[in-house]
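# Descriptive structure summary
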Amino acid sequence: MTVTRLPRPTYSSYEWQEQGRCRTKAVEQFFTDDQEIDQRERREKTEAARMVCGGCPVRAQCLDHALRVPETFGIWGGTTPTERAQMLWDVAG
Ligand code: SF4
């Protein structure tokens, strides 16, 4: 695994996370890839997470981070892994 695209592990690189609206939420709410829940529940969890992200002051930084890593699980910046994969595909194409 290459880590050269990751920000340097300094506090300032991840300071934005302290302003995330998800900080006070259960982390499981943002990881909707759980195969043990059915599609309807997964969709509801995804939409609930998106609602939190919708008013988040660091949404752009969060999405930028998720695309650069890339984060392959969870809701980041209001997007699903599939949506981020599509964004990266579009940019590469
Ligand atoms: S955009 Fe969503 S996942 Fe990212 S920090 Fe904000 S609330 Fe958390």
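Relevant structure appears above.
A brief report on the enclosed structure follows. These numbers come from a predicted model, not from an experiment.

Definitions and cut-offs
Residues numbered from 1 in each chain as written. Predicted model: local features only at pLDDT ≥ 70, side-chain atom pairs only at ≥ 80, totals over all residues. Heavy atoms only, no water. Salt bridge = Lys/Arg side-chain N within 4 Å of Asp/Glu carboxyl O. Helix = DSSP H or I, 4+ residues; strand = E, 2+ residues; numbered from the N terminus. Buried < 20%, exposed > 50% of the residue type's maximum accessible area, 1.4 Å probe, protein only.

### Considering the pattern of salt bridges
Under the criterion given, the structure shown has four salt bridges. The partner of E83 in a salt bridge is R50, with the nearest N and O atoms 2.8 Å apart. Placement of E83 in helix α4 (residues 81-92) and of R50 in helix α2 (residues 39-54) is noted, with a sequence separation of 33 residues between them. Residue R68 is joined to D64 by a salt bridge in which the shortest nitrogen-to-oxygen separation is 2.9 Å. In this pair, R68 and D64 both sit in helix α3 (residues 59-68), four residues apart, roughly one turn of the helix. Take R68: its relative accessible area is 37%, and that puts it in the partly exposed class.

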